[in-house]
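Fold and contact review
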Amino acid sequence: MSEALLTVRDLEKSYDGIFALKGVSLEVQRGEILALVGENGAGKSTLAKIIAGVTRANAGTLELDGRQVSFHGTAQAQSAGIAIVLQEFNLIPHLTIAENIFLTHESAYKAGFWQDNATMLAKTVELFDRLELDVHLDPRAKVMDLSVAEQQIVEIMKALVVDARLLILDEPTATLSKQEVAKLFTLMRRLRDRGMTLVFVSHKLEEIFEIATRVVVLRDGLKVREALTAALSEKELIASMVGRDMGDLYSVRHRQEPGEPILEVRGLCRGNRVTDCSLTLRKGEVVGISGLVGAGRTELVRAIFGADRPSSGQVVLRGRSGWIKSPLEAIRRGIGMIPEDRKAHGLLVNLPVYQNITLAYLAVKGAFWIRRGREEAMVQTRIDELQIKVPALRSPAGALSGGNQQKVVIAKWLMTEPDIIFMDEPTRGIDIGAKFELYHLIDQLAANGKTILLVSSELPEILALSDRILVMNQGRIVKAFSHDEATEELIMASSAHVASIA
Amino acid sequence: MWRALPDIWNGNKGVPIMEQKPGSWSGNALRNVFADYRVELVMLLAFVLLCGGLTILSPEFLTWGNAKNLMWQATSVGIIAIGQCLIILTAGIDLSVGGVAAFSAMFGGIILMKYGVVAGVAAILLFGAFLGTINGFLISYTRLAPFIVTLGVASVTRSLTYVITDAHSIVGLPKGYKVFGYGDLGGVPVYMVILGALFLIGHILLTRTKFGRFIYAIGSNEEAARLAGVNIRRTKAIAYTITGLLSAVAVLIITSRLGAIDPDTGAGWEMDTIAAVVIGGCSLSGGKGSLVGTLIGVFLITVLHNGLNIIGVSPFWQGSAIGTVIIISVLLDRVLGNMGKRKPRMLPALSGK
């Protein structure tokens, strides 16, 4: 009776008695690209996972083509035609692209047992051809040698071989560069044109407006808004996501004259990832590093910080030259670094919040004996200052939301009272509210004479925050813009093109 | 149940979000002990039940004589398990404790016979610490896997022990040396005092000092710890050195009691100590566990051995019993972990779900 492909009715889900979804109903129309939008913790990923059979709901029903369905596991959802690409990929790194795509598919095996490589390869190539992918992938390449974007394509391919009618993408652009996002969107449109329905989970506004035909906004486990993208303004969307008007996200900086130079990098090289990079950081300045993923930004920052050893070049910190040999030395000399990959490099996710916050402090300043009372007091001060939402100081850091995790990382560095803080994609995976707070914090730190080196792939962010912007391209700093002259177009132009090196 | 999420981003200090007042480890001490030592408490319960059962089955079990016996049996493995626990907490492993013990005893024993008790004891301890340092150095600075390094060192030390004595034992150890195995301090055997003191020191080191904090940090996420300025190499090297030293202490006590130094000393200690540590709730992937658990693990294994002997079960069955306990304890750990007792109760908005 209904023309909807999928009807979700009164879905409820709770974890440990806490509701993630409090009765959500929605319809997914055939052939649309539906954006499921909301801040972190709004319940959008939970909803996506229930639809795809990853987790089960406590209450509520799913109807596919008007018939009630219930999935135990993703395999059942797949055979009904629903596939999901999760944020964390389910790929086997040591197997090839073709092997991953056809891992559990019967056509890859003769008599259901013997590996049939020829058929598998041929089918993979055919799949690539059908989609007219402009990235060329060798089906025999190992998945571990692929970039994140390429791995994502492999994940999507897996959905295609099971003939999915509904493909759910959970935050697919979180780790992609702008160009890669564009390619992904082309692929998504192509899939839609071939009759597939897509659900796209995201909290990135530009992307939602670019790709989605319709938007469903979730907040605190409830559906708060449902509209055609065309009938919605960016401001309205933000307002319904956060539940109030945010004001202008990108006008937080109070500009000031930077002070004397504090850190100077001369001709720094690291393998073939960083080539001849020179830069100067001044007191009270926010310097942005822009560029595509893989341009060498993270590698440059890590090399300066002493996390990786440079192959040549000089670092002059307050007049003292020579490389920084280890993170320990960097911290002793007044530098902190918020790494790009928070869970892998920034946090000890299993250890309590308070231990995370005092770790760097203990490493450089703490005495041999840890006095618990004092430690507790110090941690509490930082938690109040940054308004970190923690159930208890002893809860594992991994249990916090992305934004609060990042605040824990920041608190860790503020404890060491650094003069310079490197921030590598500090707003990745955190919601708008936390982002807003972080922007204010950066402004405040700069006003207090701290120096910030900010690596970010989000152009509006880097434009709004930085006093100067350096653009990296293929391991080199190819361009420097002052805050006044920089525009998105100029930055994109110098990061994307194989520029003549100035 | 939770009310709707208050407006947390509007700048007021939105405390109502927290179910429990933050920073309440002094206020809820008992509750925290339960949370922190959940696995340990369960193992303790198992231990008490085991002892109870054995007391019913055999009147011999709960006697002072047998208690001393138990302590004695627990001593060597117990002492080394302290070091093994430190290492496993860093996500490492030491397979060389038996070999290091034998080597230290044998080479130190030669000095003991030649130059007397003081020099001999010092030599044994130094050899242990030195071999531990070699383990630590190779693991920290060449970044070889601990499993490989310590397997190699185990093989080399055991082989050298046979080479130097041509597989003979050293007998007729000097009288003064016997104090470690037979001496007592106010009625308490010296080895018990040593075991207790070392556990206490180890526990304080792990829970109250920077070194201990770093041990957990490294096991939890080595790269994140390094980027936070933790000196990974030094911390690991110290953990292996401590374990080497403890292996020497253990072998000192054993050989003192036996009155001879046998080249086969310490065979199987690596597996016994690893078993004790694992039964005590440590995760082999590091960052999780405690010395309290390890101590319970040591005694659980010892009581199993001892108790099965006393009630007359063939010694051939002991391996099966201990193997089963290892697997059950790890399963139990998993089940308890999944019960989510330690998972903080959070608002959906905070849990990232």
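Residues numbered from 1 in each chain as written. Chains lettered and ligands numbered in written order. Predicted model: local features only at pLDDT ≥ 70, side-chain atom pairs only at ≥ 80, totals over all residues.

**A few points about the overall build of chain B**
For the record, the criterion: In DSSP terms, a helix is any run of H or I states spanning at least four residues, a strand is any run of E spanning at least two, and both are numbered starting from the N terminus. Neighbour density around each residue's C-beta defines its exposure: 20 or more other C-beta atoms within 10 Å make it buried, 12 or fewer make it exposed, and counts between make it partly exposed, where C-beta atoms are placed from the backbone.
Within chain B, the secondary structure is distributed over 15 helices and 4 strands. Taken over 353 residues, chain B has a buried fraction of 49%.

**Let's talk about the overall build of chain A**
So the rule is basically this: It is over C-alpha atoms that the radius of gyration is taken, and the globule rule equals 2.2 Å times the number of residues to the power 0.38.
Across its full length, chain A holds 17 helices and 22 strands. Compactness check: chain A gives a C-alpha radius of gyration of 24 Å against a globular reference of 23 Å for 502 residues, within 12% of the reference. Projected onto the principal axes, the alpha-carbon positions of chain A cover approximately 75 × 50 × 50 Å. Classification of the 502 residues of chain A by burial places 49% in the buried group.

**Notes on the pairing of strand β16 (residues 312-317) of chain A**
Put simply, side chains in a regular strand alternate between the two faces of the sheet. Residue and element names in this part refer to chain A. Operational definition: Here, any two strands with at least 2 DSSP bridges between them count as paired.
Bridge count between strand β13 (residues 261-270) and β16: 5 bridges; the pairing is antiparallel. In the sheet register, L263 faces β16, and the bridge partner there is L317. Of the pairings in the sheet, the one linking β16 to strand β17 (residues 320-321) comprises 2 bridges and is antiparallel in character. Residue pairing in the sheet places V316 in a bridge with S321 of β17. What sits between β16 and β17 in their antiparallel hairpin is a turn of 2 residues, with R318 showing a positive phi close to 45°.

**A few points about the sheet that holds β16 of chain A**
Residues and elements named next belong to chain A. Stated formally: Working definition of a contact: two residues with C-beta atoms, positioned from the backbone, lying within 7 Å. Lines fitted to the C-alpha atoms define the axes, with helices restricted to the stretch that makes contact. Angles between their N-to-C directions range from 0 to 180 degrees.
Across the sheet, which stays open at both edges, the 4 strands sit in the order β14-β13-β16-β17 with antiparallel pairing between neighbours. Both edges of this open sheet fall to β14 (274-282) and β17, since each of them pairs with a single strand only. Strands in contact with helix α9 (residues 297-305) are β13, β14 and β16; relative to β13, the strand with the most contacts, it is inclined by about 115°.

**Observations regarding the sheet that holds strand β18 (residues 335-338) of chain A**
Strand pairing within a sheet occurs via backbone hydrogen bonds; the two strands may be parallel or antiparallel. Residue and element names in this part refer to chain A. As summarised here, the arrangement of the 6 strands in space is β18-β19-β20-β15-β21-β22, forming an open sheet in which the pairing is mixed. The sheet terminates laterally at β18 and β22 (476-482), the two strands that pair on one side only. Between one strand and the next, the sheet's axes are offset by a mean angle of 20°, whatever the strand orientation. Bridging between β18 and strand β19 (residues 420-424) involves 4 bridges; their strand directions are parallel.

**A short note on the pairing of strand β11 (residues 214-219) of chain A**
All names here are of chain A. Judged by how many residues are buried, β11 sits mostly within the fold: 5 of 6 residues are covered. Pairing of strand β3 (residues 33-37) with β11, which is carried by 4 bridges, proceeds in the parallel orientation. In the sheet register, V37 faces β11, and the bridge partner there is V217. Hairpin connection, β11 to strand β12 (residues 222-228): the antiparallel pair is bridged by 2 residues, and D220 has positive phi, about 50°.

**Some words on the packing of helix α4 (residues 97-115) of chain B against helix α11 (residues 232-258) of chain B**
All names here are of chain B. How we decide: Should an angle fall under 35 degrees it is called roughly parallel, over 145 degrees roughly antiparallel, and 65 to 115 degrees roughly perpendicular, with every other angle called oblique. Two helices cross in a left-handed way if the nearer one is turned anticlockwise from the farther one by less than a right angle. They cross in a right-handed way if the turn is clockwise. Charged means Asp, Glu, Lys or Arg here, nonpolar means Ala, Val, Leu, Ile, Met, Phe, Trp, Tyr, Cys or Pro, and polar covers whatever is left, Gly included.
Put simply, α4 and α11 touch, their axes get as near as 8 Å, and they point 60° apart. Here α11 runs oblique to α4, going by the angle between their axes. Our pair here, α4 against α11, has a crossing hand that is right-handed. Residues V97, V100, A101, S104 and A105 of α4 form the contact with α11, whose own contacting residues are T243, G244, S247, A248, A250, V251 and T255. Across the contact of α4 with α11, the residue classes tally to 7 nonpolar, 5 polar and no charged.

**Structural notes on unusual backbone geometry**
Residue and element names in this part refer to chain A. Positive phi, close to 55°, is recorded for D163, a residue that is not glycine. With respect to the helices, strands and loops of the structure, D163 is situated in the loop between α5 (148-161) and β9 (166-170). Overall, D163 belongs to the exposed group, with 11 C-beta atoms counted inside 10 Å. Phi at R318 takes a positive value of approximately 45°, unusual for a residue other than glycine. Relative to the elements of secondary structure, R318 occurs in the loop between β16 and β17.

**Regarding the environment of A217 of chain B**
Tracing the chain through its elements places A217 of chain B in helix α9 (residues 210-220). A tally of 29 C-beta atoms within 10 Å means that A217 of chain B is categorised as buried. Separated by 99 residues in the primary sequence, A217 of chain B and V118 of chain B have C-alpha atoms spaced 38 Å apart. Ignoring anything within four residues of it in the chain, the contact list for A217 of chain B reads L348, L351 and L359 of chain A together with A225 and V230 of chain B.

**Concerning helix α1 (residues 44-51) of chain A**
All names here are of chain A. In terms of burial, α1 is a largely internal element, 8 of the 8 residues being buried. When we look at burial in α1, the residues that qualify are K44, S45, T46, L47, A48, K49, I50 and I51. G53 lies just past α1 and shows a positive phi near 80°.

**Considerations on the nonpolar core**
Soluble globular proteins: nonpolar side chains tend toward being buried together. Put simply, the test is: For our purposes the nonpolar core covers buried Ala, Val, Leu, Ile, Met, Phe, Trp, Tyr and Cys residues that link as a set through C-beta atoms within 7 Å.
Membership of the largest hydrophobic core comes to 237 residues, with the highest contact counts inside it found for L36, I51, V199, F200, L453 and L454 of chain A together with A248 of chain B. Of the residues forming this core, the biggest block, 13 residues, is contributed by α11 of chain B. Other than its neighbours up to four places away in sequence, I51 of chain A contacts L6, V8, L62, I82 and I168 of chain A.

**Quick notes on the packing of α4 of chain B against helix α6 (residues 146-165) of chain B**
Residue and element names in this part refer to chain B. Contact geometry for α4 and α6: axes closest at 8 Å, N-to-C directions at 30°. The orientation of α4 relative to α6 falls into the category roughly parallel. Like other packed secondary-structure pairs, α4 and α6 cross with a definite hand, here left-handed. Where α4 abuts α6, its residues G98, G99, V100, A102, F103, M106 and F107 lie against V153, A154, T157, R158, L160, T161, I164 and T165. When its residues are assigned to classes, the contact of α4 with α6 shows 9 nonpolar, 5 polar and 1 charged.

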